[in-house]
Amino acid sequence: MGTVTEHIDVAVPISTAYNQWTQFEEFPRFMEGVTEIQQISPTDTHWKTEIAGVKREFDARITEQLPDERVAWTTTGGLKQAGVITFHRLDETHTRVTAQMDFEPEGIAEQAGDKLGIVDRRVKGDMKRFKEFIESDRHGSETGAWRGSVDRPQP
């Protein structure tokens, strides 16, 4: 199992950063390899990706969501990924966004890519593009928000 942890400081208030992160259908605008995300329900999404010519589709479920604090997810079915995005207020106009993701590389190519740090670099690039997206002059604010809570499942 591979694990990636990256963070980025963004020059927007915590609610702006959090609100934008709840707009999953906007992810293709800053996540490399994500071609489409459909919001099926408040907690379920369907993803389409194309990475290094390999196309995949999978479903993910929000397992915990606390406004201005965290969004956690896990894939459902075949592909094994889980993660959490946390939001930390630095001051009134700056937020640290931290992404932690656990994944199970499939096949030799993905295992090699994991060992070479390709996933780490991709996540780092996605975080940098999120910063550019949310801070851009033409954008400057979130494209929407979902402020609902999802309680962590009890064991």
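Shown above is the structure to which this text applies.
No experiment lies behind these values; they were computed from the predicted model shown.

J.: Quick question: what am I supposed to make of the pattern of salt bridges here?
T.: Opposite charge on two side chains permits them to pair, given that their charged atoms come into close proximity. Evaluation of the coordinates by the stated rule reveals ten salt bridges. Residue D9 is joined to R96 by a salt bridge in which the shortest nitrogen-to-oxygen separation is 2.7 Å. Of this pair, D9 sits in strand β1 (residues 2-10) while R96 sits in strand β7 (residues 94-103), and the two are 87 residues apart along the sequence. With a shortest N-O distance of 2.7 Å, D44 and R61 are connected by a salt bridge. Here the residue D44 occupies a position in strand β3 (residues 44-51), and R61 occupies one in strand β4 (residues 54-66), the gap between them amounting to 17 residues. What you see here is one network of salt bridges that share partners, running through E32, R122, D126 and R129.

J.: Where do I start with the side chain of T75 in this structure?
T.: If you trace the backbone, T75 turns up in strand β5 (residues 70-76). Take T75: its relative accessible area is 10%, and that puts it in the buried class. Reaching out from T75, the side chain makes a polar contact with the backbone oxygen of L79 at a distance of 2.4 Å. When near neighbours in sequence (up to four residues on either side) are disregarded, T75 contacts F58, D59, A60, K80 and Q81.

J.: I would appreciate a short explanation of the environment of G144 in the present structure.
T.: On the secondary structure map, G144 appears in the segment after α3 (118-135). The spatial distance from the C-alpha of G144 to the C-alpha of E26 is 9.6 Å, given a sequence separation of 118 residues.

J.: What should I look at first to understand the layout of surface pockets in this one?
T.: The gaps left among the atoms become clear once a water-sized probe is rolled over them. Quantified by volume, the second largest pocket comes out at close to 160 Å³. Lining the second largest pocket, in full, are T22, Q23, F24, E25, E26, Q39, P42, Q65, T143 and W146. Tallied by class, the residues present in the lining of the second largest pocket amount to three nonpolar, five polar and two charged.

J.: Would you mind showing me how to read the packing of helix α1 (residues 14-21) against α3 here?
T.: A packed helix pair is summarised by two numbers, namely the angle formed by the two axes and the spacing between the axes. Between α1 and α3, the shortest axis-to-axis distance is 11 Å and the interhelical angle comes to 115°. Seen along the crossing, α1 lies across α3 with a hand that is right-handed. Residues T16, A17, Q20 and W21 of α1 form the contact with α3, whose own contacting residues are M127, F130, F133 and I134. In the contact of α1 with α3, the residues fall into six nonpolar, two polar and no charged.

J.: For this particular structure, what's the right way to read the packing of aromatic side chains?
T.: The description of two aromatic rings rests on the distance between their centres and on the angle between their planes. Counting across every chain of the model gives ten aromatic pairs. Between F27 and F30, the aromatic rings sit 5.4 Å apart at their centres with planes inclined by 55°, giving tilted as the arrangement. Comparing F27 with F30 shows no difference in burial state: the two are buried.

J.: What exactly am I supposed to notice about the nonpolar core here?
T.: Proteins that are soluble and globular tend to have nonpolar side chains buried together. The biggest cluster of nonpolar side chains holds 33 residues, and the ones touching the most others in it are V10, W21, F27, W47, F87 and V97. When residues of this core are traced back to their parent elements, those giving at least two are β1, α1, β2 (34-39), β4, β5, β6 (81-91), β7 and α3. When residues of this core are assigned to their parent elements, the largest contribution, five residues, is made by α3. If we skip the residues at most four places from it in the chain, W21 touches F27, F30, M31, I85, F87, M127 and F130.

Procedures and definitions
- Residues numbered from 1 in each chain as written.
- Predicted model: local features only at pLDDT ≥ 70, side-chain atom pairs only at ≥ 80, totals over all residues.
- Heavy atoms only, no water.
- Salt bridge = Lys/Arg side-chain N within 4 Å of Asp/Glu carboxyl O.
- Helix = DSSP H or I, 4+ residues; strand = E, 2+ residues; numbered from the N terminus.
- Buried < 20%, exposed > 50% of the residue type's maximum accessible area, 1.4 Å probe, protein only.
- Polar contact = N/O pair within 3.5 Å; in protein donor to acceptor, adjacent residues only side chain to side chain.
- Contact = heavy atoms within 4.5 Å.
- 1 Å grid on protein atoms, 1.4 Å probe; cavity = no way out; pocket = protein on both sides within 12 Å on 5 of 7 lines; lining within 4 Å.
- Points joined across faces, edges and corners; volume = space filled by probe spheres on them.
- Nonpolar A, V, L, I, M, F, W, Y, C, P; charged D, E, K, R; others polar.
- Axes fitted to C-alpha atoms, helices over the stretch in contact; angles between N-to-C directions.
- Left-handed = near helix turned anticlockwise from the far one by under 90°.
- Phe/Tyr/Trp six-rings, centres within 6.5 Å; stacked < 30°, edge-to-face > 60°.
- Core = buried A, V, L, I, M, F, W, Y, C linked by side-chain atoms within 4.5 Å.

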